[in-house]
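Chain by chain, the residues run as shown.
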Amino acid sequence: MRVFVDCDPGIDDAMALAYLAAQPDVEIVGVGTVYGNNSVDVTTTNTLRLIDLYGITDVPVAAGAARPLVQPPSLAESVHGRNGLGDVEMPDPKTEPVAESAAELLVRLARSAPGEIDVLAVGPLTNLAIALGLEPELPRLVGRVVVMGGAVRAPGNVTPWAEANIANDPEAAEVVLAAGFDLTLVALDVTMRTLADAVWLDELATLEGDRARTSARFLDFYVGWYSDVFGERACAMHDPLAAGVLVNPALATESIEVPVRVELRGEYTRGLTIADLRPRPAQDDTRPTVRLVTEVDSVEFMKRMLDALR
Ligand SMILES: [Ca+2]
């Protein structure tokens, strides 16, 4: 399995990269970075640090968008720390980003191996929207696309209705959801039920090695923020769950094929993801459907996540 990752590390992005890097049958062919949890300069440096930590320094990293298509950017320092990785100090990166942008790298890789490269998108969808502008055939040039984003039958997280990756660039998300990708949406509906809990975190703390130890420190910070949300020592594994579903689709135990749209104009609902869940959806809707994951095997995924860090 050849995978292009688009991300904004970000503590859970770091966990997603760790998960993929540990899979023997996955080759990460490139990583694009985007603003989101921090500025694109910070998320790019973090990505370079992470590929060193995970022993995949030869993977090309391309810096992507510095801001959303339309609105001004907003960052998530309270959730991910000032440095985007829980304020854990890490060595300077061994490499630099490639000269291409994230969108250019994705388009070039997709053209070079039509249908063979899957995409994991776990940040704002700005780079994918830009890539579609460069190559309108992109949905037919890539394989599967798994997106962490949205909140369909669950509350939002940055607003009552909107999830962060979609809210950070609603216009880009709307472009991507309309484009006709073979797209699986891993939304807060399932990621808020896939938790690193106290038992799991205690087991992580027993693991040896830089990968596990650094991850434990990232998650300490993340749990500090999430404990207020869950009322216990736990955090949600948003981005790594999307990586898990990409590598092993059977982890998504239930899903539905539905058109999903992004609210762009609502006074209170901008960034809301709307699926047509009616028993009899509109018959004349020409919008491409996406696969919305509605149930996951969280226990099995968290076991695999721990194995990846082992
Ligand atoms: Ca992310």
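Residues numbered from 1 in each chain as written. Predicted model: local features only at pLDDT ≥ 70, side-chain atom pairs only at ≥ 80, totals over all residues. Heavy atoms only, no water.

- If you look the chain up in an unreviewed UniProt entry, it shows as Purine nucleosidase from Marinactinospora thermotolerans DSM 45154.

## Let's talk about the coordination of the calcium ion
Here comes step 1: At the metal site, the calcium ion is ligated by D8 (OD), D13 (OD), D13 (OD), V122 (O) and D239 (OD), and these contacts range over 2.2 to 2.6 Å.
Here comes step 2: Coordination of the calcium ion draws on donor residues from a single chain, spaced D-x4-D-x108-V-x116-D in sequence. On the criterion of sequence distance, the pair formed by D8 in the loop between β1 (2-7) and α1 (11-21) and D239 in helix α12 (residues 238-247) is long-range, its members being 231 residues apart. Of the two residues, D8 and D239, both sit in the buried class. (Donors = N, O, S within 2.8 Å, 3.2 Å for Na, K, Ca; no water. Helix = DSSP H or I, 4+ residues; strand = E, 2+ residues; numbered from the N terminus. Buried < 20%, exposed > 50% of the residue type's maximum accessible area, 1.4 Å probe, protein only.)

## Here we look at the environment of G209
Here comes step 1: Along the polypeptide, G209 turns up in the loop between α10 (198-205) and α11 (210-230).
Here comes step 2: Each C-alpha atom, one on G209 and one on P288, is 45 Å from the other, the two residues being 79 residues apart in sequence.

## Details of the sheet that holds strand β12 (residues 290-296)
Here comes step 1: Pairing is mixed in the open sheet, where eight strands are placed in the order β3-β2-β1-β4-β5-β6-β12-β9. The sheet is open, and its two edges are formed by β3 (61-63) and β9 (252-258), each paired on a single side. Ignoring which end each strand starts from, the neighbouring axes of this sheet average 20° apart.
Here comes step 2: Both β1 and strand β2 (residues 27-33) contribute to a ladder of six bridges, which runs parallel. Directly across from C7, in β2, lies its bridge partner T33. (Pairing = 2+ DSSP bridges. Axes fitted to C-alpha atoms, helices over the stretch in contact; angles between N-to-C directions.)

## Overview of the packing of helix α4 (residues 102-112) against helix α5 (residues 126-134)
Here comes step 1: One way to put it is that α4 packs onto α5 with a least axis distance of 8 Å and a crossing angle of 55°. With respect to their mutual orientation, α4 and α5 come out oblique. Of the two possible hands of crossing, α4 and α5 adopt the one that is right-handed. Between α4, through A102, A103, E104, L106, V107 and R111, and α5, the contact on the second element is made entirely by N127, L128, I130, A131 and L134.
Here comes step 2: Looking at side-chain class alone, the contact of α4 with α5 contains eight nonpolar, one polar and two charged residues. (Parallel < 35°, antiparallel > 145°, perpendicular 65-115°, else oblique. Left-handed = near helix turned anticlockwise from the far one by under 90°. Contact = heavy atoms within 4.5 Å. Nonpolar A, V, L, I, M, F, W, Y, C, P; charged D, E, K, R; others polar.)

## Notes on the UniProt feature "domain: Inosine/uridine-preferring nucleoside hydrolase" (unreviewed entry) in the chain
Here comes step 1: According to UniProt, the feature "domain: Inosine/uridine-preferring nucleoside hydrolase" (unreviewed entry) maps to residues 3-302 in the numbering used here.
Here comes step 2: A helix fraction of 38% and a strand fraction of 18% characterise residues 3-302, whose end C-alpha atoms lie 21 Å from each other. (UniProt positions renumbered as here; feature names shortened; annotations may be inferred.)

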